[in-house]
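A closer look at the structure
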Amino acid sequence: MTQTPTAPTEAFRFIDDDRESPRFRVNRRAMVDPEVFDRERDRIFGQVWLYVGHETELSKPHDFKTRDVAGRPVIFARDKAGAIQVWINSCPHRGAMICREPAGNARFMTCFYHGWSFNTSGKLVSVPGDTSYGPGFQRPGLASPARLDSYRGFVFISFNPDVEDLVDYLAEAKEFLDLVCDQSEVGMQVLEGTHEYSVKANWKLLVENSYDGYHAVSTHQRYFEMVTASGVELDAATLGDSIGVDLGNGHGASVGGPGTGGVFGRPLSQAGEAEKEERFEGFRTKYGGAWVDRMTGARNLVIFPNLVVIDLVMGVVIRKIDPIRPDYMEVTAWEMVPPEEGEELKKQRLDNFLTFWGPGGLASPDDVEALETCQRSFAAHRELEWSDVSRGMSSPVALGSDELQMRTWWRRWDQLVNDREHPVEPHEPPSARFRGERAELQEQTTAG
Amino acid sequence: MEREAPLPRIEPRHFVAELEGAGPVEVAEVRLTGIPRGAVALLCGGDGLATQAPEVMNALAEHGYETLAVDLGSGSLARADAVAAVRSLLALLGERGWGAEQVGVVGYGAGGTAAFAAAGALSLGAAISLSPRDVLAEPVALTSTPWLGMFGEHDEHTTPESVVELGRRLADAPCFSRVVIYPGVGADYFRGAADALGHAAAFDSWQRLVEWLNARVSPRLSPYAELWELRRDPSDPSPEGSVR
């Protein structure tokens, strides 16, 4: 049988955004085509802000972590003065990695190939036998990404010197990071240790999955059975109390109504419930009731292109999705906690991180299996070209179990990768219970 | 520590110096030619200056470190006096052009206690204590010197529980520190032994010591590096740095 020649990606239409029907479809070639993958590397990962890590991962001067961002190995470090630095993990001499440890603390990092040493401020401090270079030698420091900035401890870099400022890039997603970060009086903290796993599937499938409320009950039936067996009564109405939101610049979220956070975890003792309630009562005084009501709701946030923050209130997961090949991704996940919480609440978070989100937990393996079967079936993308992402297009308000948040992401993807513009999808604004503002913000608005 | 094929041995030069807090003390010195990697103030315990110190000084020289070694006694020196003595050693090293960040302090036994005290009081490149004593006797504040403490499980002066407690207290200190307990060995684990645990503890502790120094002690600038420093625009400390 003769294969149909593949059309060049420039001319190919990957997104069918039909507002008349309405219908929204994604061509499955986007999940398998190496040329698409290359364009994503250049046009997305080479251009926008990308998450590196959280400031609390580096608690002391000279702490460092090594990780990949957009396929580039980087050193994420705190320098002598306490400033966060990100360096390309490659010796400017002949290219070997300066640092081959995943984490540690060192004032100097020495390339094991020829012994050049650099400090955590990126400066070259020692070259063995440097007389052979002559007195005029220009001593190179470590290279760095073009831009580095952080928002409430979330550190981002961009390889594009002309990228917009981070706060502008984050758009309305800032507010959702605030809802997470306001849950601690002393600052939310990322715990030491990570979940690291890989999925034999295109990276965009996990982006979709990360705020897909539609799949939860069917895919994660096992987990919900376990929670029910532990004594929690799952209320279908509570589970359905959610909306999907477009946060601008491709960011989006599935957002639970007040009180939906925590319905997924194992039950707490009376003392644990009391501590939790007391903590949130304290926040009400500081931030106002409307904001804290929102804080008590679950939220699955995707910051374009590959940062996921899932906040079920009793468990906050930060997930970074790294495309490796068109059919393979690597995933790193961290647990974020309010450090002042008592032992029982801390235990519930860790339990959630392990039993739900862990690579050997009761949920993530289900997702991995679902995504890997998707990828295997995309071998037939010529015979079955389109995936449907239309759910909720005709609804006045998109629900969390709808697919508005994914369409938002895909439209931004199409704009960057294929230069195709899509108008914003019109919906009514969410009800007031999803829009409560932080008291301090309200005061600023009033004063302004 | 055990060594199989020693390089030609450097005989330390001995002299007496007046150290603040300790009085006149015999000092052993190993100087290196060329551009040494850094300097170490070696604080011996017991009779270490006469016995183990020359071997340790030679081993440090192989990694590019000059040393000044002293014996600060068996623990009779108050911590403040021990810190003052280290300060005097720093002054002696300063005469050779070594700045505090280019110096590591390494102490064995009672000398390890002095190194621990120095780490809490001075801003040095690095500090390392092997089998220090009474580590919980006084409040600890590691503010500016990263400290590595290594202990034997059966150390009669320091229980594993107190080492764990020390690690807990140091976790919140501004400066990075690490404690290590070697299983199945006593306080003299660093001398090496024929059995597997003793040999492993001696080998590992020496490896950690060298890596701790190399990762933290500032290297001395070569003449060409100094020229480069002069040519660089001081307002642009990191020309390759990110826009922040």
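Computed from a predicted model, the values in this text were never measured in an experiment.

Digging into the overall build of chain A
- A tally of regular secondary structure across chain A gives 13 helices and 21 strands.
- In terms of C-alpha radius of gyration, chain A reaches 23 Å, essentially the compact-globule figure of 22 Å for 448 residues.
- Here chain A holds 448 residues, and 56% of them are scored as buried.
- When contacts within chain A are restricted to residue pairs at least 6 apart in sequence, long-range pairs at least 24 apart make up 66% of them.
- Here chain A displays about 18600 Å² of accessible surface, and carbon together with sulfur accounts for 51% of that area.

Overview of helix α4 (residues 203–210) of chain A
- The element α4(A) is largely enclosed, with a buried count of 8 among its 8 residues.
- Burial in α4(A) covers these residues: A:Trp203, A:Lys204, A:Leu205, A:Leu206, A:Val207, A:Glu208, A:Asn209 and A:Ser210.

Looking at the interface of chain A and chain B
- Contact with chain A, which involves 33 residues of that partner, is made by 31 residues of chain B.
- Both faces combined, the contact of chain A with chain B buries some 2400 Å², and carbon together with sulfur accounts for 46% of it.
- The largest per-residue losses of area from chain A upon contact with chain B belong to A:Lys60, A:Arg107 and A:Arg139, which jointly make up 26% of the total buried on that side.
- Between B:Glu101 and A:Arg107 there is a salt bridge whose closest N-O contact spans 3.6 Å.
- Here chain A and chain B share 11 residue pairs in polar contact (both at pLDDT 80 or more) between them.

A look at the sheet that holds strand β5 (residues 72–78) of chain A
Residue and element names in this part refer to chain A.
- Here 4 strands make up an open sheet; going across it, the order is β6-β5-β4-β7 and the pairing antiparallel. In this open sheet, the two strands that pair with only one neighbour each are β6 (84–88) and β7 (103–105). Across the sheet, the axes of successive neighbouring strands diverge by a mean angle of 25°, strand direction being ignored.

Section: the pattern of salt bridges
- Scanning the model with the defined rule gives 39 salt bridges over all chains in all.
- Ionic pairing is found between B:Arg169 and B:Glu165, a salt bridge with its closest N-O pair at 3.0 Å. Here B:Glu165 and B:Arg169 lie together in helix α4 (residues 160–171), a separation of 4 residues that amounts to about one turn.
- Through salt bridges with shared partners, a single network forms among A:Asp17, A:Arg19, A:Arg407, A:Arg411 and A:Glu425.

So, the environment of A:Pro396
- With respect to the helices and strands, A:Pro396 occurs in the loop between β21 (386–388) and α12 (404–418).
- If near-sequence neighbours (up to four positions away) are discounted, A:Pro396 is found in contact with A:His427 and A:Glu428.

A closer look at the environment of A:Glu175
- Mapped onto the elements of the fold, A:Glu175 is located in helix α3 (residues 173–181).
- Distance in space between the C-alpha atoms of A:Glu175 and A:Asp388 is 30 Å, their sequence separation being 213 residues.

Regarding the side chain of A:Arg299
All names here are of chain A.
- Turning to its location among the elements, Arg299 is positioned in strand β17 (residues 299–303).
- Judged by its relative accessible area of 1%, Arg299 is buried.
- Only 2.9 Å separates the side chain of Arg299 from the backbone oxygen of Gly297, close enough to count as a polar contact.
- In contact with Arg299, not counting residues within four places along its chain, are Phe176, Leu179, Val180, Gln183, Ser254, Val255, Arg294, Val309, Ile310, Asp311 and Val313.

Overview of the sheet that holds strand β1 (residues 13–19) of chain B
Residue and element names in this part refer to chain B.
- Spatial ordering of the open sheet is given by β1-β2-β4-β3-β5-β6-β7-β8, a layout of 8 strands whose pairing is mixed. Either end of the sheet is taken by a strand with one partner, and the two such strands are β1 and β8 (177–182). Each strand of the sheet is rotated relative to its neighbour by a mean of 20°, with strand direction disregarded.
- As defined by bridge partners, strand β3 (residues 38–44) adjoins strand β5 (residues 103–108) across 5 bridges and the pair is classed as parallel. Bridge assignment links Ala41 to a residue of β5, and that residue is Val105.
- Sitting on the sheet, helix α3 (residues 110–121) is in contact with β3, β5, β6 (126–130) and β7 (147–152), with an inclination near 145° to β5.

A few points about the packing of α4(A) against helix α11 (residues 364–377) of chain A
All names here are of chain A.
- Their axes nearest at 10 Å, the elements α4 and α11 cross at an angle of 135°. Between α4 and α11, the interaxial angle falls into the category oblique. As α4 runs across α11, the sense of the crossing is right-handed. Along the contact surface, α4 presents Leu205, Leu206 and Asn209, while α11 presents Asp367, Leu371, Cys374 and Gln375.
- Partitioning the contact of α4 with α11 into residue classes produces 4 nonpolar, 2 polar and 1 charged.

Some words on α11(A)
Residue and element names in this part refer to chain A.
- Relative to the 20 Å expected for 14 residues at 1.5 Å per residue, α11 spans 20 Å between its end C-alpha atoms, a close match to the ideal helical length.
- Taken together, the buried positions of α11 are Ser364, Asp366, Asp367, Val368, Leu371, Glu372 and Gln375.
- Elements in contact with the buried residues of α11: β14 (195–199), α4, α5 (216–219), α6 (221–229) and β20 (328–337).

About the criteria used
- Residues numbered from 1 in each chain as written.
- Chains lettered and ligands numbered in written order.
- Predicted model: local features only at pLDDT ≥ 70, side-chain atom pairs only at ≥ 80, totals over all residues.
- Heavy atoms only, no water.
- Helix = DSSP H or I, 4+ residues; strand = E, 2+ residues; numbered from the N terminus.
- Rg over C-alpha atoms; globule rule 2.2 N^0.38 Å.
- Buried < 20%, exposed > 50% of the residue type's maximum accessible area, 1.4 Å probe, protein only.
- Contact = heavy atoms within 4.5 Å.
- Areas by Shrake-Rupley, 256 points an atom, 1.4 Å probe, with all protein chains shown as cover.
- Buried area = accessible area lost by both parts, 1.4 Å probe.
- Salt bridge = Lys/Arg side-chain N within 4 Å of Asp/Glu carboxyl O.
- Polar contact = N/O pair within 3.5 Å; in protein donor to acceptor, adjacent residues only side chain to side chain.
- Pairing = 2+ DSSP bridges.
- Axes fitted to C-alpha atoms, helices over the stretch in contact; angles between N-to-C directions.
- Parallel < 35°, antiparallel > 145°, perpendicular 65-115°, else oblique.
- Left-handed = near helix turned anticlockwise from the far one by under 90°.
- Nonpolar A, V, L, I, M, F, W, Y, C, P; charged D, E, K, R; others polar.
- Expected span 1.5 Å × (residues − 1).

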